[in-house]
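This is what each chain is made of:
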Amino acid sequence: MRPRAGVACVLPLALAGCQGWQSALDPQGPQARSLADIIWVFTGVAVAVWVLVAVALAAALLRRRAEPPDPLSRAPDRERAMGYAVGGCVALTLVVILALTGYSYATQKELFSTHEGRITILLTGHQFWWDVRYEDPAPSRVFSTANEIHIPVGEPVRIKLEASDVIHSFWVPSLLGKQDLIPGRQNLVRLQADRPGVYRGQCAEFCGWQHAHMSLLVVAHPREEFEAWRDAQLASAAPPSTDEQKEGQRVFLSNPCMTCHTVRGTSAGAVAGPDLTHLASRRMLGAGMLPLTRGNLAAWVVDAPGVKPGVHMPSIKLEPHELHPLLAYLEGLK
Amino acid sequence: MRTLAIALVLLSLAACQREERALRGDPMADESREKIALTSLSPGDSGPIEVRTGRGEEYTGNAYHQSEGKKLFKQMNCNGCHANGGGGMGVPLMDDTWIYGGRIENVVQTIREGRPNGMPSFRGKLPDEQIWQLAAYVLSMSRAVPQDVAPSRDDDMHPRPAESRQPAVTGVQGGTVPPSGEAPQ
Ligand SMILES: [Cu+2]
């Protein structure tokens, strides 16, 4: 195959990357849609201008005029026509630029308009995970989870963005554009999904060694399903039922785990790491690093820095007979 | 001339290596083997026999460990009792007087074992590595560590400039005991 044909075959493949659970070109909510519109309008206008200029240039090169016999002779009509042409093009450029600026300004104004939503979430960025706190006027209905945001479909959700250490950035390409999380201040965004589904988000501001492994999932449910999820998350952790799980809870509470993690309903109430109350209801482990399976959980608990170098969870010395009970306990945190 | 220029460029690369960052404590590590006496009294002339392995220098000379310690100081709620070093219900840590000794091994012992007048023991609640990181940070509060490794920024509002901008102190280098433990004169 000739190289050119090869390139032509491979290029469309790259477009396959434009779909899926993380794509700004496959918008699934109003914010992402207006951003995608902007991308296409800008690209379209820029391409049109480029084609016009290229055609004009080619025409000028092809239809070369003969040299005038006397270089000093003037042709006032011609020159006036040229003056109009240049002036017209400059004016057109100005109009295009002003129109694009106005369009982008209007879209931004719409994107950044904040409002009181029925649901407000405080999203705090940490090296290298996300703390997700569902706020509520009633203190008993406030709870935290991590690395997974659940929202009802078709309803704007207000998200407050904060950071505890360095600057991070919240970006769920299919649903909304980037917004930074900055220590010491609060930014606001609105998140809305039109269809149920799972969308992937990614920290978009370099924040340290494991920046690339700081992702999150946005799960959009129909309204009733969302309320059921929220009620389940509000509950304290189910008490351990088997003897093995009871032993696991003892291991958890008598080891350093409880100085960093919260399991509601036990004496572990620290916030240096993700809330583990309903750990087993989540899909991923370590901010999207691994699917949550028993094997991955074991690797993580025994040696988190081996799995995610630079992570702020240390390797913890467990006795060999303590590991399985601990895993059974963690897996029971549904 | 050209050789000289190349040599200078190569030499400047030496500045790229500032410190090694230990990203992963030993998962199988036990407590370090330091043995610190609780008093300066001991029969004979030698004074108490102690074991200091020199491990402390890995921490007092390392910026990464100290910034980790600074983070832990808040996360482990040390600031709940010691405020930002100025003291509250717990004693001040940013001054140069130490009840239980101001060498890093003494501070490690303070954190691991606890102390009788209200300092909790963190044995088994913090991995050994983090205890050393905390101890190194505690020393940086009074700038008993080199300036280039002391933390140079605060993550949020703080009542005083960061540790690297404090004047250095030498401190009382350890071995002192609380008044209640002092031998009758
Ligand atoms: Cu990041």
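In this text the structure is predicted, and so the values were computed from the model without any measurement. (Residues numbered from 1 in each chain as written. Chains lettered and ligands numbered in written order. Predicted model: local features only at pLDDT ≥ 70, side-chain atom pairs only at ≥ 80, totals over all residues. Heavy atoms only, no water.)

### Structural notes on the nonpolar core
Residues and elements named next belong to chain A.
Phase 1 of the analysis: The biggest cluster of nonpolar side chains holds 32 residues, and the ones touching the most others in it are Leu 123, Tyr 134, Ile 149, Ile 159, Phe 170 and Val 218.
Phase 2 of the analysis: Element by element, the count of residues in this core is highest for strand β5 (residues 157–163), at 4 residues.
Phase 3 of the analysis: Ile 149 has contacts with Ile 121, Leu 123, Val 132, Tyr 134, Ile 159, Phe 170, Leu 191, Leu 216, Leu 217, Val 218 and Val 219, leaving out every residue within four places of it along the chain. (Core = buried A, V, L, I, M, F, W, Y, C linked by side-chain atoms within 4.5 Å. Buried < 20%, exposed > 50% of the residue type's maximum accessible area, 1.4 Å probe, protein only. Helix = DSSP H or I, 4+ residues; strand = E, 2+ residues; numbered from the N terminus. Contact = heavy atoms within 4.5 Å.)

### Topic: the UniProt feature "domain: Cytochrome c" (unreviewed entry) in chain B
Phase 1 of the analysis: Here the UniProt feature "domain: Cytochrome c" (unreviewed entry) sits at residues 64–142 of chain B.
Phase 2 of the analysis: Between the first and last C-alpha atoms of residues 64–142 of chain B the distance is 18 Å; the span itself is 52% helix and 0% strand. (UniProt positions renumbered as here; feature names shortened; annotations may be inferred.)

### Remarks on the UniProt feature "transmembrane region" (unreviewed entry) in chain A
All names here are of chain A.
Phase 1 of the analysis: With numbering matched to this structure, UniProt assigns "transmembrane region" (unreviewed entry) to residues 39–62 and 83–106.
Phase 2 of the analysis: Its end C-alpha atoms 34 Å apart, residues 39–62 is made of 100% helix and 0% strand.
Phase 3 of the analysis: Helix makes up 100% of residues 83–106 and strand makes up 0%, while its end C-alpha atoms are separated by 35 Å.

### Digging into the interface of chain B and chain A
Phase 1 of the analysis: Contacts between chain B and chain A engage 19 residues on the former and 24 residues on the latter.
Phase 2 of the analysis: Buried area between chain B and chain A, both sides added, is near 1,700 Å², and the carbon and sulfur share of it is 55%.
Phase 3 of the analysis: A salt bridge links Lys71(B) to Asp165(A), with the shortest nitrogen-to-oxygen separation between them at 3.7 Å.
Phase 4 of the analysis: Scanning the region where chain B abuts chain A turns up 5 residue pairs in polar contact (both at pLDDT 80 or more). (Buried area = accessible area lost by both parts, 1.4 Å probe. Salt bridge = Lys/Arg side-chain N within 4 Å of Asp/Glu carboxyl O. Polar contact = N/O pair within 3.5 Å; in protein donor to acceptor, adjacent residues only side chain to side chain.)

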